[in-house]
Amino acid sequence: MNKQIPSSDSINTTCPYCGVGCGIEVKVDAKAQKLADIKVKVLGDKTHPANFGKLCVKGSAAGETLSFDGRMLAPQFKGKTVSWSSALNTVAEKFTQVIAEHGPDAVAFYVSGQFLTEDYYVANKLMKGFIGSANIDTNSRLCMASAVVGYKRAFGVDAVPCSYEDLELADLVVIVGSNTAWAHPIIYQRIAAAKKQRPSMKIVVVDPRQTATCDIADLHLAIAPGSDANLFNGLLASLGQNEALDEAFINNHTEGFKEAFSHAQILQGDIHRVAKECGLEVTQLQTFYRWVREHQKMVTLYSQGVNQSSSGVDKSNAIINVHLATGRIGQVGMGPFSITGQPNAMGGREVGGLANQLAAHMDFSNSEDIHRVARFWKAANMAQSNGLKAVDMFNAVATGKIKAIWIMNTNPVVSMPNANFVRQALQRCEMVVVSDCMQHTDTTEVADVLLPALTWGEIDGTVTNSERTISRQRAFMAGPENARADWWMLCEVAKRMGFVDAFDYQNVAQIFREHAALSGYQNNGTRDFDISGLARLSDEQYQQLTPMQWPVNVENPLGTKRLFSDGKFFTPSGKARCIAITPQAPRYKTDAQFPFVLNTGRYRDQWHSMTRTGKTAKLMAHRDEMQVEIHPHDAAEKGVVDGQLLCLQGKTGDYRLIARAQVSAKQRRGELFVPMHWNRQFASAGNVDALIPAVVDGLSGQPEFKHAVVNVQPFKSAWQGVIFSRQALKLEGIAYWNKVSGKDFSRYEIAMEQGKEALSLHELQAHLPTLFGAQNPSSEWLSYLDANQQQLRMAQLVDGQLQAVAFIALESHTLDRNWLGSLFAEPLAAQQRRFLLAGRNSGAKETGPTVCSCFGVGLNTIIEAIVSQQLSSAEQIGQALKAGTNCGSCVPELTEIIAQQQAKIKELTSA
Ligand SMILES: Nc1nc2c(c(=O)[nH]1)N[C@H]1C(S)=C(S)[C@@H](COP(=O)(O)OP(=O)(O)OC[C@H]3O[C@@H](n4cnc5c(=O)[nH]c(N)nc54)[C@H](O)[C@@H]3O)O[C@H]1N2
Ligand SMILES: Nc1nc2c(c(=O)[nH]1)N[C@H]1C(S)=C(S)[C@@H](COP(=O)(O)OP(=O)(O)OC[C@H]3O[C@@H](n4cnc5c(=O)[nH]c(N)nc54)[C@H](O)[C@@H]3O)O[C@H]1N2
Ligand code: SF4
Ligand SMILES: [Mo]
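Residues numbered from 1 in each chain as written. Chains lettered and ligands numbered in written order. Predicted model: local features only at pLDDT ≥ 70, side-chain atom pairs only at ≥ 80, totals over all residues. Heavy atoms only, no water.

- By the naming in an unreviewed UniProt entry, the protein is Nitrate reductase, taken from Thiosulfatimonas sediminis.
- In its Sequence similarities (unreviewed entry) section, UniProt records this for the protein: "Belongs to the prokaryotic molybdopterin-containing oxidoreductase family. NasA/NapA/NarB subfamily." (UniProt positions renumbered as here; feature names shortened; annotations may be inferred.)

Below is the structure:
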């Protein structure tokens, strides 16, 4: 454990967020006397090959998430603080007892692509080699399991063939089901910069929504949800019809082409049919297909719009088929590039962290592999076959087949499909162990044993990014005194279960060396994942390790940019496989009861269940309430206006999601978009995964998160309101609340549902003091009730300082929320007090919703500058207001705001 003040004042590490894996340089104020006082500054690492010094908004705000607010501070058993040794004994004893009584398959680990490789390696080794079950699965099942199977089917191994620079060197980049601008911002910025330099480069975005990524697209195909296999089958057929295939490559380096092609030709050989299936114009398809013919240097970048589907594997193979049939793989500027989401999703694949992988890219399907890994590990109880994939794993928890589960570094009660079922399953489980760095998450709420984890900034190890680059994450500060690294907890439990020798690691370097050695063990070129070149690093060399792209071995001591450049693959014949694809529609179709397709995904400034990003006022500012994006025609039909609250219900039972409508022509008709991030810590009814049935791809087990079906109803409110409170509030009985934490306060947007239970404003006026927990005798109350206009406004002050203020009315409020939040910092001035219940500072301008999080620039400010200074580009906005000049994450939005303003001016002048 690193409990030292760093000896150097500048430490290179890797970003805690997405799979781009940007290098970060942390400047530590070494003058600090106490570890907890260390101040850090986060900069992009100019030497890192992923980002060359740039960081997006999340990465550059990473330093602001380091406070210990909300951290889990001690091991706990059934709600009581216990010692580490007691907690570890409890876990080891329960696991040992269950295994003795019911066998090893009655226990499970559910882990995470946010684990460091060293944590992942020991978790996998313990479950598969020593407990004797393969019941270890990971949130990567929800993320890129389909891409893994797609690669394995095609190449015989799970290998991402490309490098980021291929995206810059390509003449055509096809972005499929990826909102790169928000989810992989530095990759997006690299593509955008390349295109700016070389405008002939073409970019196609395939996404049902018009996302921020479309800002750089020459062509946006707003495809019908789930129809990507049709599109790519159609492309393959069209390439054949136009004699644009690479016959030599097909003959020498592939098998199965004939069948794959004739399948595509029969099913999608008619472009009119494809256009209909994909909901596109024939001319759009013609353009796309022609560009593919005209540009040999083509990369297809794909992500969750492809993977999170009941036929995600087939979709990825439909994409790979096109690359194989045109020989576009293993060469500069070419390849099918599945980008990984989490910082170490790729590392998880390397250690075999999925239930159907072994380790170091070996497999349960091969008995030789099983023996080999067992030999290497000196395994006491080697598992012999695949374990349960995430959805099956939680089903087995529900039926009682799995009696003890250890959840590490993931929040499944939020992120699994049919989330409430998962919660209930865990509530019934005999023992749920959760390791997390945060005390309060939806998953820690259902745990029996809680183990406080160290997290980013405090932990030490390696991660592998989307282009196979292994980088070090380094500790630069001490965590809470009682928190521990995940690998340490795992080893301590392993030793207590009797596996002393195999888990007697002194540090992470030792674990890494073993992992690297296994990758080379009896490999002889049979497995793509080989980092044997790193197996003999000294501790010091491991400390100093610079980014390396695997394979790293005798042949490639400095790493490898591209795989398959020699046209050799890892199948028995050495040839890549083309797969015949029959496109499948999403499992559930819309009908009269559920007329909308529910699409879900990411917001620019939030990370997953928000445990880190939700702590930062800066990152909350961009989108502080969850929204349901809905097409204007659908909204009109439903009588819904922008900003109104809506209820969504789906096929999972009676869960009702409540969120605010965002009417947007960027949506397709009949389709809604909702973010995946919100949960019970941030909203009363915001967990979208409680609406999504656990439908999975039969080959990969990956859930269909992008195509559930739902209905939409307006939420009927008795009244709505906003409360700012210095203390956190318990808002029981209020159907809708959404919480945003500011520096000195929490803000709640609230709404009470119509019905017998609804409080009247008079009743509420009497109730608010209790809600505020305000029996403080020195409280001063300001109150204003206008029964005619149905308005209640109330504030509580103690010693001249604002404690709480509430605004209640029939409709939601236009208040100056930024100004109101700022009033909590200091005692109220007379002027502020005068305007407090008006909810806005007289005369001051409202900046509007934040667009640029780095400099806190709001929409109103930007529009005003565009109009008054006649700005016509994002660069000019940057010069005028600094917006977009730091991380650049908001540039697509700035460009869009300009376009909207120009359209408005055009409309006005033509009218
Ligand atoms: N800001 C931010 N960045 C992140 C994360 C985060 O939480 N926040 N998480 C990280 C992780 S773990 C991951 S996996 C990645 C995910 O990165 P992305 O996959 O880019 O993110 P999503 O928003 O989930 O989905 C991408 C797009 O798929 C589209 N889509 C939906 N259905 C279809 C379809 O049928 N066909 C096609 N072609 N497209 C479709 C959606 O409209 C959406 O725009 O992001 C990573 N980066
Ligand atoms: N509807 C819908 N659902 C989705 C998706 C979608 O697109 N739509 N995407 C899916 C995808 S791709 C993904 S990757 C998942 C992500 O979903 P999750 O993995 O559930 O989300 P996180 O919020 O990242 O959970 C990480 C947890 O680990 C904790 N943590 C942070 N650092 C550490 C550490 O060092 N050690 C330990 N032990 N804990 C730590 C955090 O506090 C947090 O509670 O969601 C999936 N769910
Ligand atoms: S793109 Fe942003 S979130 Fe992703 S690794 Fe880089 S800085 Fe971190
Ligand atoms: Mo993910």
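**Some words on the overall build of the protein**
- The helix and strand tally for the protein stands at 30 helices and 34 strands.
- Relative to the compact-globule value of 29 Å for 911 residues, the protein shows a C-alpha radius of gyration of 28 Å, a close match.
- With the C-alpha coordinates aligned to their principal axes, the bounding extent of the protein is approximately 80 × 70 × 55 Å.
- Burial analysis of the protein (911 residues in total) assigns 62% to the buried set.
- By element, 49% of the accessible surface of the protein is carried by carbon and sulfur atoms, the whole surface being about 33,600 Å².
- Here the protein contributes 88 positive and 88 negative side-chain charges, whose respective centroids are spaced 1 Å apart. (Helix = DSSP H or I, 4+ residues; strand = E, 2+ residues; numbered from the N terminus. Rg over C-alpha atoms; globule rule 2.2 N^0.38 Å. Buried < 20%, exposed > 50% of the residue type's maximum accessible area, 1.4 Å probe, protein only. Areas by Shrake-Rupley, 256 points an atom, 1.4 Å probe, with all protein chains shown as cover. Lys, Arg positive; Asp, Glu negative; His and termini not counted. Charge placed at Lys NZ, Arg CZ, Asp CG, Glu CD.)

**Regarding the side chain of lysine 739**
- Looking at where lysine 739 falls in the secondary structure, it is placed in strand S28 (residues 736–741).
- The buried charged residue lysine 739 lacks any salt bridge, with glutamate 445 as its nearest oppositely charged partner at 10 Å.
- Sequence-distant contacts of lysine 739, that is, excluding residues within four places in its chain, are made with Met620, Gln681, Phe682, Ala728, Ser746, Arg747 and Tyr748. (Salt bridge = Lys/Arg side-chain N within 4 Å of Asp/Glu carboxyl O. Contact = heavy atoms within 4.5 Å.)

**Looking at unusual backbone geometry**
- The amide bond that connects tryptophan 550 to the next residue, proline 551, takes the cis arrangement and shows omega of 0°.
- Here proline 551 is to be found in the loop between strand S19 (548–549) and strand S20 (576–577).
- In this model, lysine 78 sits at a positive phi of 45°, which is unusual for a non-glycine residue.
- Of note, lysine 78 is situated in the loop between strand S4 (76–77) and strand S5 (80–81).
- You will see that histidine 608, though not glycine, has its phi angle at about 45°, which is positive.
- Within the secondary structure, histidine 608 sits in the loop between strand S21 (596–601) and helix H23 (617–620).
- A relative accessible area of 16% means that histidine 608 is categorised as buried.

**Examining the sheet that holds strand S29 (residues 746–753)**
- Taken together, the six strands give an open sheet; going across it, the order is S28-S29-S27-S32-S31-S30, and neighbouring strands pair in antiparallel fashion. Strands with a single pairing partner mark the edges of an open sheet, and in this sheet they are S28 and strand S30 (779–786). Taken pair by pair, the neighbouring strands of this sheet meet at an average axis angle of 10°, ignoring direction.
- Pairing between S28 and S29: six bridges, direction antiparallel. Residue valine 740 lies in a different strand from S29, and its bridge partner there is arginine 747. (Pairing = 2+ DSSP bridges. Axes fitted to C-alpha atoms, helices over the stretch in contact; angles between N-to-C directions.)

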